[in-house]
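Examining the three-dimensional arrangement
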Amino acid sequence: MKYNKKNIILLGLDFNSKNLGCSALAYSFLNILNELAKKNNKKLEIISVNYNDFNLKEKNYEVKNLKIKYKSPLFYIKFIKKVFNSDYVFDFTGGDSFTDIYGKNRFLKESFLKLIVVWCNKKLILGPQTIGPFKSTWIKNIAYLIMKKSKQVYTRDKISFDYVKKMKINAINITDVALMLPNEKVNIEKDNNVLNIGINVSGLLWNGGYTRNNQFGLKFNYKAYIEEIIKIFVNMGAKIYLIGHVLPKEDNSPENDYVICQKIHEQYPETVLAPRFKTPMEAKGYIANMDFFIGSRMHATVAAFSMKVPTVSIAYSRKFKGLYGSLGYNYIIDAKEVTLEEAINKTIFYVENRLLLKKDIEKSLLIVHKKNNEFISSLDKILKKNK
């Protein structure tokens, strides 16, 4: 049975986010919805509720924008009206923000619109994302209410799946939809006779988190790690590319990767400073040129991994282990557990054994393909329902 025209609201997906991981999720999920619309020969009407303007009109779907203005009563009037007219509300919470590790205020802001959907008794679907951990009991209770009232909950890793299962929540474990992001081919000048290593430097970790005081409890000095591996690999004759993935316009933002990459490039002019990418597809196309990739932003590593570039993640939260562990790819350096010396030695070992990593990526991508098909099939069934 083919489904009728559906009105869909997207929350927690920002197409114009300067955090390219967030926009990668948005474009990836939109691409999935578009393929389902084509398959069923139907048109979808989509409202994107986010912090940046985004409007797009294609043959099978139209995306209109409703900009979030938390202090505006008019925004809530418009939002509630859209919710009542919707068939489904899909929420991804930016992929990793359905937790209080980034602070209670961020969780509450991300959850408030979900609660409105729940209060309106409309169909809320939590897209594949990391869920938890929740340090605060009352935050955990709010999260439980949202999940309990959701039509469907998807997780993107086994750790999150087990976590919500303990909370007595039924969920379907998939994987990260950004693994399906189309890439834009980007040609760069590089020497194929040397090892080309991309290093994604996290401005957030470099600055000590939003609190600027080692917010995530790293066991080693992140700045020292980045500087040391650059020196080591340059001395080995490798070409280093400094690649940002969170690129806000505000230079003083603690999240800004590009500003930090600029500073490092000035200190080590033999490195290559990657451009300030406009889209996640462009970033993925650039990263695809690397022979090896070291990333601290999870979706930067996802871009490399999905293009079969041997990849090691510098993890500051369980979302890294959750995602890659679920795919049988365990080349992760947990910055909360290992010393600086251990982190450096592991990185060198992984680079030296990059062909093994590449083989394991190919195995993992078979799991990704299976999980993606499961998600698309499940989503198709949901969209076909008339009630």
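Check the entry above for the structure.
Right, let's walk through the structure included here. (Residues numbered from 1 in each chain as written. Predicted model: local features only at pLDDT ≥ 70, side-chain atom pairs only at ≥ 80, totals over all residues. Heavy atoms only, no water.)

Each packed pair of helices is defined by two parameters, the angle between the axes and the distance between the axes. Running from N to C, helix α1 (residues 20-39) and helix α13 (residues 354-384) cross one another at 60°; their axes reach a closest spacing of 11 Å. Our classification of the angle between α1 and α13 gives oblique. By crossing handedness, the relation of α1 to α13 is classed as right-handed. On α13, the residues touching Phe 29, Ile 32, Leu 33, Leu 36 and Lys 39 of α1 are Phe 375, Ile 376, Leu 379, Asp 380 and Leu 383. In terms of residue class, the contact of α1 with α13 is built from eight nonpolar, no polar and two charged. (Axes fitted to C-alpha atoms, helices over the stretch in contact; angles between N-to-C directions. Helix = DSSP H or I, 4+ residues; strand = E, 2+ residues; numbered from the N terminus. Parallel < 35°, antiparallel > 145°, perpendicular 65-115°, else oblique. Left-handed = near helix turned anticlockwise from the far one by under 90°. Contact = heavy atoms within 4.5 Å. Nonpolar A, V, L, I, M, F, W, Y, C, P; charged D, E, K, R; others polar.)

As enumerated under the stated definition, the model contains 29 aromatic pairs in all. Their ring planes at 10° and their centres at 4.1 Å tell us that Phe 15 and Phe 54 sit as a pair that is stacked. Of this pair, Phe 15 sits in the loop between β1 (6-11) and α1 while Phe 54 sits in the loop between β2 (44-50) and β3 (56-57); the two residues are 39 residues apart in sequence, bridging distant segments of the chain. The pair Phe 15 / Phe 54 is uniform in exposure class, with both members buried. Taken together, the ring pairs in this structure connect Phe 29, Tyr 88, Phe 90, Phe 92, Tyr 154 and Phe 375 into an aromatic cluster. Taking NZ or CZ as reference, Arg 106 lies 4.3 Å from the ring centre of Tyr 102, over its face. It is Arg 318 that lies over the ring of Tyr 163; its NZ or CZ is 5.1 Å from the centre. (Phe/Tyr/Trp six-rings, centres within 6.5 Å; stacked < 30°, edge-to-face > 60°. Buried < 20%, exposed > 50% of the residue type's maximum accessible area, 1.4 Å probe, protein only. Lys NZ or Arg CZ within 6 Å of the ring centre and 35° of its normal.)

Within helix α9 (residues 280-287), seven of the eight residues are buried, which leaves the element mostly enclosed by the surrounding structure. Along its buried surface, α9 packs onto α1, β10 (239-243), β11 (272-273), β12 (292-295) and α10 (298-306).

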